[in-house]
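Coordinates in review
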Amino acid sequence: MIIDTHPFTVNEKGHLEIGGLDTLDLAKKYGTPLYVYDVALIRNNARSFVQAFTDTGIKGKVAYASKAFSSIAMLQVAKQEGLCLDVISEGELYTALQADFPTERIHMHGNNKSLEEIRMAVDYEIGCIVIDNFHDIDLLEEVLAEKQKQMDVLIRVTPGVESKTHQYIMTGNEDSKFGFDLQNGQAEQAFKRLYEHQRIRFQGLHCHIGSQIFETSGFQVATDLLFSELEKWNNKYQYQPNVLNLGGGFGIRYTKDDQPLPLDNYIKSMADAVQAHVQKLSMKMPEIWIEPGRSIVGNAGITLYTIGSNKQIPGIREYYSIDGGMADNIRPALYNAGYEAVIANHPKKPIVKEVSIAGKCCESGDMLIWDLPVPEINSGDVLAVFSTGAYSYSMASHYNRLPNAAVVFVENGRDQLVVRRETYQDVVRNDLSYE
Ligand SMILES: Cc1ncc(COP(=O)(O)O)c(C=O)c1O
Ligand SMILES: N[C@@H](CCCC[NH3+])C(=O)O
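Residues numbered from 1 in each chain as written. Chains lettered and ligands numbered in written order. Predicted model: local features only at pLDDT ≥ 70, side-chain atom pairs only at ≥ 80, totals over all residues.

The chain is annotated in an unreviewed UniProt entry as Diaminopimelate decarboxylase from Oceanobacillus kimchii. According to the UniProt record, the Cofactor (unreviewed entry) comment for the chain reads "pyridoxal 5'-phosphate". Quoted verbatim from the Function (unreviewed entry) field of UniProt, the annotation for the chain is "Specifically catalyzes the decarboxylation of meso-diaminopimelate (meso-DAP) to L-lysine." (UniProt positions renumbered as here; feature names shortened; annotations may be inferred.)

Take a look at the structure:
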């Protein structure tokens, strides 16, 4: 039995299953809160993108945006699937190195890369650095001269496209901290510093218009804007790019308000848009790179919680509190993000009421789900929240000194702990006493 629109089943005991395993058994074995990933779903998502490139016949690269969920095990899966990797910090790069990720498949982002981050990228000879600003160029020049090395780069441009998404996750509009502005000539200035540089192999342009996007039109408009710039550069400097990286941002289903497109639609529409421009301008076809994060891991992950206290305010609201909340999933508090959830011990029982699911942090805004339709519900029940695979574990905090939850992977009927639950010793491990 499939749980409505989320890719999970219910077993003969009437319990929610993930990857063929009983979620109650997992909750019992590993405790809650617990992040659980169905690795087969992660692989399917990755393969949909890779297959879409094969189908279009266009050379492409799929770089998993590791900010969505970075851990050694996850990056091992990305490596097995032949993906490239997008990292945006020394910490993400370090994790990739620990996962033995092939460095030539790593791309580094960041709007404030430090000298150390750039040195590390150059030392490990990563595949490409995405230059975000003039400061990046200065630092990279310094490091390449110091190390007598070369580096492939893309420049990130902000095309001035406003994607329909939450303001905080919108990145391609003009008023953004990311990238060089296309409209005011900054991008061309950066290009002029780079394209004939001795140590820099300038490969092309990058843009990322935002996150949780459900339409292909934003990518088409961004492509149009990139090509209006590239046409100029071709005429003025006889320059044609090897690579166009159109970023990530492909939307997934959190709630019924979200209607995700099949993942290959995005690739086909990007390929059509790029091909049309290339033909019109008689330019060579560049490789198309993408950087999906959420759409690779988002729907593959669920979070299990144990329900504890209950508060009823007659005529107003009924609260149930769980043993986690904003410390393991900040998205509702940060973006007002919606989620769907079921009671894992009886997900198919008839709905009898609507309740609000509160986290355990000392913060009124620590609400996981405001209006959740539920069957009869009791303290001790296990709540399974869907689509928590992206930007939950990776954005976790220690607020109220809550230890970070564990992560379990399930695949082929087997469960494996891939991130240990933190202990209280872990929480205080860097604290020093003051005398
Ligand atoms: C530059 C860049 N690439 C890729 C991503 C991944 O986005 P998503 O997880 O929405 O696919 C982001 C995040 O929005 C980003 O900023
Ligand atoms: N962290 C955000 C998206 C931003 C992605 C990075 N640019 C989210 O949870 O939706």
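1. Things to note about the UniProt feature "binding site: substrate" (unreviewed entry) in the chain
When the UniProt feature table is mapped onto this chain numbering, "binding site: substrate" (unreviewed entry) sits at Arg294, Arg331, Tyr335, Glu363 and Tyr391. In summary, the annotated positions, distributed over 98 residues, remain apart in three dimensions as well, the widest C-alpha pair reaching 26.9 Å. Summarising the element assignment, arginine 294 is placed in helix 10 (residues 294-297). Exposure remark for arginine 294: the 26 C-beta atoms within 10 Å place this residue in the buried category. (Helix = DSSP H or I, 4+ residues; strand = E, 2+ residues; numbered from the N terminus. Buried ≥ 20, exposed ≤ 12 C-beta atoms within 10 Å, placed from the backbone.)

2. Looking at unusual backbone geometry
Backbone torsion omega between threonine 32 and proline 33 reads -10 degrees, so that peptide bond is classified as cis. By the secondary structure assignment, proline 33 is in the loop between helix 1 (23-30) and strand 4 (34-38). Of note in the backbone geometry, serine 387 takes a positive phi value of approximately 60 degrees without being a glycine. Following the sequence through the fold, serine 387 ends up in the loop between strand 19 (382-385) and strand 20 (406-411).

3. Observations concerning the site of ligand 1
The environment of ligand 1 is made up of 17 residues, and the closest members are Ala65, Ser211, Gly248, Gly293 and Arg294. Residues belonging to the shell around ligand 1 are distributed by class as follows: 5 nonpolar, 9 polar and 3 charged. (Near = placed C-beta within 6 Å. Nonpolar A, V, L, I, M, F, W, Y, C, P; charged D, E, K, R; others polar.)

4. Looking at the confidence of the model for the chain
With 97% of its residues at a pLDDT of 70 or more, the chain has an overall mean of 95. Predicted complex, confidence summary: ipTM 0.98, pTM 0.96. (pLDDT = per-residue confidence, 0-100.)

5. Focus: the environment of aspartate 38
Mapped onto the secondary structure, aspartate 38 falls in strand 4. Filtering out sequence-adjacent residues up to four positions away, aspartate 38 remains in contact with Ile18, Gly19, Ala300 and Val410. (Contact = placed C-beta atoms within 7 Å.)

6. Topic: the domain arrangement of the chain
Taken domain by domain, the chain holds domain 1 (9-38 + 298-427) and domain 2 (109-292). Computed from C-alpha coordinates alone, the two centres of domain 1 and domain 2 are separated by 36 Å. Contacts between domain 1 and domain 2 engage 8 residues on the former and 8 residues on the latter. Of the residues contributing to the side of domain 1 that touches domain 2, the split by class is 3 nonpolar, 4 polar and 1 charged. (Domains from an automatic or database assignment.)

7. Some remarks on the sheet that holds strand 2 (residues 16-18)
Across the sheet, which stays open at both edges, the 3 strands sit in the order 1-2-3 with antiparallel pairing between neighbours. With partners counted over all chains shown, the strands left at the sheet margins are strand 1 (9-10) and strand 3 (21-22), one partner each. Two strands pair when backbone bridges link them, and strand 1 and strand 2 are joined in this way by 2 bridges, in the antiparallel orientation. Considered in strand 2, the bridge of valine 10 is made with leucine 16. (Pairing = 2+ DSSP bridges.)

8. Regarding the nonpolar core
One finds Leu85, Leu383 and Ala384 to be the most contacted residues of the largest nonpolar core, which totals 126 residues. Split by domain, the residues of this core number at least three in each of domain 1 (9-38 + 298-427) and domain 2 (109-292). Sequence-distant contacts of leucine 85, that is, excluding residues within four places in its chain, are made with Ala63, Tyr64, Ser66, Leu75, Ala78, Ala96, Phe101, Arg105, Ile106 and His107. (Core = buried A, V, L, I, M, F, W, Y, C linked by C-beta atoms within 7 Å.)

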